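Here is how the chains run, residue by residue.
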Amino acid sequence: MRDARWTKLWRDLGAERGRALIMIIGIAAGVFGVGTVLGARAILLREMHRNYLGTNPPGAVVELAAAPPALVDAVRARPGIAAVTARATIHARVESAPVGAPGPRAWRPIVLFVAPADRMPEVGSVTPLDGPWPPSPGTVWLERTAAALLGARTGDTLRIRLPGGAPRELAVRGLVHDPALAPAAMERTAWAYATPATIAALGGSGALDELWVTFAPAVTDLADADARARELGAWLGANGATVHALRVTPPERHPHESQMRAILLMMLVFSALALGLGGVLAATLIAGLLARQVREIGVMKAIGARTRQLAAMYLVLLVVLGAAAVALAVPPSVLAARAFADAIAALLNLELASRAIPLGITAIQVAAGLVVPLAIAAIPVGR
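Residues numbered from 1 in each chain as written. Predicted model: local features only at pLDDT ≥ 70, side-chain atom pairs only at ≥ 80, totals over all residues. Heavy atoms only, no water.

A. Structural context of the overall build of the protein. A count of helical and extended segments in the protein gives 11 helices and 10 strands. Carbon and sulfur atoms provide 64% of the accessible area of the protein, an area that totals close to 17,900 Å². (Helix = DSSP H or I, 4+ residues; strand = E, 2+ residues; numbered from the N terminus. Areas by Shrake-Rupley, 256 points an atom, 1.4 Å probe, with all protein chains shown as cover.)

Right under this line is the structure:
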């Protein structure tokens, strides 16, 4: 009986190859979608954390009237402070193309991040792409996405003006990568890095009026960061500093991580729905097959076949189809996940050091491709 049963199964599969192909494609589409989204999610979350934490992002930013070196040293010596850097953030305007470039010109926003010239900032560091830090006086470093926005390259000259000031020309010393910033094209704002001497050459004061601070031990949540920032602000006020504002960021979380998680979750839900629909398709086609084989099933039971033997036969058929769907879907889903991760990384200004996908994602795909059709088709098979 066993040999005849499996012979019948394979002959049924050959006779219903058109329906079998439809089932395989339906299940494979869902498995492909789930694997693509989960694989891209695993790559992006890992690389987002690596990129963002590599900048040593601030736990808090304190805006002051002034942040002289003595005050920075005093803050650095306080218990609970891991690192501190005096900074300034200046909003200015820049011509939309380098000096001498052809084409129409317009003024667009540019944000100048100012830090001391002696070394790379301890907090909020960047990665120079074509030269050593710091930028020399009278020059700026452009964030790589800002260079693309302005059509500028290393060695070009930009015309920049501070609020209320006259336009001045500054050379582009080089390009940097700052994964804590959104792409300049997305914000329609250029990002640049300069020293106080360069700001003075533009007609500004060159004063540093922000403290970018990280805490030790590391903050655990936003409430903890807020409490420590308030404590630091109170101490600064008690020691004669004029505190204008305190800003805290979610600890160890990229500014755009929440949006990325929400988008990927939505896509994962759609992929899961596609997988469920593939399972429903498989169940419908199996139900049709069983309806046409009522007489055959009756004959097999009349000569001694048990219910669980017959049920196992059709469930094995589903397993075979599910395994074929998994084999069809997994390899292209790996390629699609990596391509999808590359596209999202470009949107978020991330650099992917690794596109490896955890084996657990493949295990989820295999389980989904085998279990979901079985679970849904168990109803008509049981009947």
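B. Up close: empty space enclosed by the protein. Counted under the stated rule, the structure contains three cavities of 30 Å³ or more. Here the second largest cavity is characterised by a volume of approximately 40 Å³. Lining the second largest cavity, in full, are Arg87, Phe113, Ala115, Met120, Pro121, Gly124, Ser125, Val126, Trp133 and Tyr193. Here the lining of the second largest cavity is built from residues that sort into seven nonpolar, two polar and one charged. (1 Å grid on protein atoms, 1.4 Å probe; cavity = no way out; pocket = protein on both sides within 12 Å on 5 of 7 lines; lining within 4 Å. Points joined across faces, edges and corners; volume = space filled by probe spheres on them. Nonpolar A, V, L, I, M, F, W, Y, C, P; charged D, E, K, R; others polar.)

C. Here's a closer look at helix H3 (residues 69-76). For H3, the complete set of buried residues consists of Leu71, Val72 and Val75. Projection of H3 onto a plane perpendicular to its axis shows the buried side chains occupying an angular sector of 100°, all on one side. Facing away from the buried surface of H3 by more than 90 degrees, the exposed residues are Pro69 and Ala70. Its buried side turned inward, H3 meets strand E1 (60-64), strand E2 (81-95), strand E9 (210-215) and helix H7 (222-238). (Buried < 20%, exposed > 50% of the residue type's maximum accessible area, 1.4 Å probe, protein only. Arc of directions from axis to C-beta. Contact = heavy atoms within 4.5 Å.)

D. Seen up close, the packing of H3 against H7. The N-to-C vectors of H3 and H7 enclose an angle of 135°; their axes lie 12 Å apart at closest approach. Judged by the angle between their axes, H3 and H7 are oblique. Two packed elements cross with a definite hand, and for H3 against H7 that hand is right-handed. Where H3 approaches H7, its residues Leu71, Ala74 and Val75 are matched on the opposing element by Leu232, Trp235 and Leu236. Considered class by class, the residues forming the contact of H3 with H7 number six nonpolar, no polar and no charged. (Axes fitted to C-alpha atoms, helices over the stretch in contact; angles between N-to-C directions. Parallel < 35°, antiparallel > 145°, perpendicular 65-115°, else oblique. Left-handed = near helix turned anticlockwise from the far one by under 90°.)

E. Summary view of a nonpolar patch on the surface. A cluster of nonpolar side chains, namely Ile263, Leu265, Met266, Met267, Val269, Phe270 and Leu273, defines an oily patch on the protein surface of about 670 Å² accessible area. With respect to the helices, strands and loops of the structure, Phe270 is situated in helix H8 (residues 257-292). Phe270 sits in the exposed class, given a relative accessible area of 53%. (Patch = residues over 30% accessible without salt bridge, like charges linked within 9 Å, V, L, I, M, F, W, Y side chains within 5 Å. Salt bridge = Lys/Arg side-chain N within 4 Å of Asp/Glu carboxyl O.)

F. Molecular detail of H7. When the terminal C-alpha atoms of H7 are compared, their 24 Å separation across 17 residues agrees well with the 24 Å that a helix rising 1.5 Å per residue should span. Buried within H7 are the following residues: Ala225, Arg228, Ala229, Leu232, Gly233 and Leu236. One face of H7 carries all of its buried residues, which in axial projection span an arc of 140°. Turned more than 90 degrees away from the buried face of H7, the exposed residues are Ala223, Arg230, Glu231, Ala234 and Ala238. For H7, the elements touching its buried residues are E1, H3, E9 and strand E10 (243-248). Capping the start of H7, Asp221 holds a side-chain oxygen 3.2 Å from the backbone nitrogen of Ala223, two or three residues further along. (Expected span 1.5 Å × (residues − 1). Polar contact = N/O pair within 3.5 Å; in protein donor to acceptor, adjacent residues only side chain to side chain.)

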